[in-house]
Amino acid sequence: MTNDTLYVTADTHFNHKGIIDYCDRPYGSVVEMNEAIIEAWNSVVPTNGDVWFLGDFGFDQRGHGATTQPLDAIFDRLAGHKHLVKGNHDESNPGVLALGWESIADFATLRRDGIRAIACHYPLTPWKHAYRGYLMLHGHCHGTLRQHQGGRLDVGWDVHGRPLTLHQAAEKAGTYLPVDHHAPR
């Protein structure tokens, strides 16, 4: 039996009006988008789940088409113990960095039930320990990455519409295909 309490996702872009058009999200407003994401998140993540968020959480009220929904209120409504792997929009956003994250990092190594993954906002080719079976989980691309590679998966919101368990991500990522001289001998 597996312990499916580790989840991964990225690129929710809460309060970001422009992302609705940029990614063809099916919402008429930022508030509608925020509420739909919160509902989808909470429908799969248990309160005791660990969620590794791989960057670009959202924007505070200072620009980017933000609404009056405070990020901390959105954050507090999301189930689980939340960890941040910083994305390009998070790095310069004090409102995101000040939220109640369990941890904040530039990248992380995730391990659960024999599954091992490198988690980063950006896709890497190759990545640490790829040839040893580690996966590469990332966001940033919103499903538009043209080069697909076994063992690597965009876990972003615009690809899956919900957080994935580590087991689901591993199934979708597939097996690493060597791209350089670091293949096992």
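Cut-off values and rules
- Residues numbered from 1 in each chain as written.
- Predicted model: local features only at pLDDT ≥ 70, side-chain atom pairs only at ≥ 80, totals over all residues.
- Heavy atoms only, no water.
- Salt bridge = Lys/Arg side-chain N within 4 Å of Asp/Glu carboxyl O.
- Helix = DSSP H or I, 4+ residues; strand = E, 2+ residues; numbered from the N terminus.
- Buried < 20%, exposed > 50% of the residue type's maximum accessible area, 1.4 Å probe, protein only.
- Core = buried A, V, L, I, M, F, W, Y, C linked by side-chain atoms within 4.5 Å.
- Contact = heavy atoms within 4.5 Å.
- Pairing = 2+ DSSP bridges.

**Topic: the pattern of salt bridges**
Scanning the model with the defined rule gives four salt bridges in all. The salt bridge involving glutamate 35 is made with arginine 77; its shortest N-O contact spans 2.8 Å. Here arginine 77 lies in helix 3 (residues 71–77) and glutamate 35 lies in helix 2 (residues 30–44), a separation of 42 residues in the sequence. Assessed through its relative accessible area of 30%, glutamate 35 is described here as partly exposed. Where lysine 86 meets aspartate 106, a salt bridge forms, and the shortest distance between an N and an O atom there is 3.3 Å. Taken together, the residues lysine 86 in the loop between strand 3 (81–85) and helix 4 (94–97) and aspartate 106 in the loop between strand 4 (103–105) and strand 5 (107–112) connect sequence positions 20 residues apart. Judged by relative accessible area, which is 47%, aspartate 106 ranks as partly exposed.

**Digging into the nonpolar core**
Phe14, Trp41, Phe57, Leu71 and Trp101 are the most contacted members of the largest nonpolar core, which totals 25 residues. Mapped by element, the contributors of at least two residues to this core are helix 1 (17–22), helix 2, strand 2 (50–53) and helix 3. Other than its neighbours up to four places away in sequence, tryptophan 41 contacts Thr9, Val51, Phe53, Leu78, Ala79, Lys82, Trp157 and Pro163. The next biggest cluster of nonpolar side chains, apart from the first, holds 19 residues, and it includes Ile115, Ala119, Leu153 and Val155.

**A short note on the side chain of histidine 13**
Tracing the backbone through its elements, the reader meets histidine 13 in the loop between strand 1 (6–9) and helix 1. By relative accessible area, which is 3% here, histidine 13 ends up buried. Each residue touching histidine 13, except ones within four places of it in the same chain, is listed here: Ile19, Arg25, Met33, Asp56, Phe57, Gly58, Phe59, His89 and His142.

**Structural notes on the sheet that holds strand 1**
The strands making up a sheet are joined through hydrogen bonds of the backbone, oriented either antiparallel or parallel. Strand order in the open sheet made by the five strands is 4-3-2-1-9, with mixed pairing throughout. This sheet does not close on itself; its edge strands, each paired only once, are strand 4 and strand 9 (164–165). Relative to strand 9, strand 1 runs antiparallel, the two sharing two bridges. Bridge pairing in strand 9 places valine 8 opposite leucine 164.

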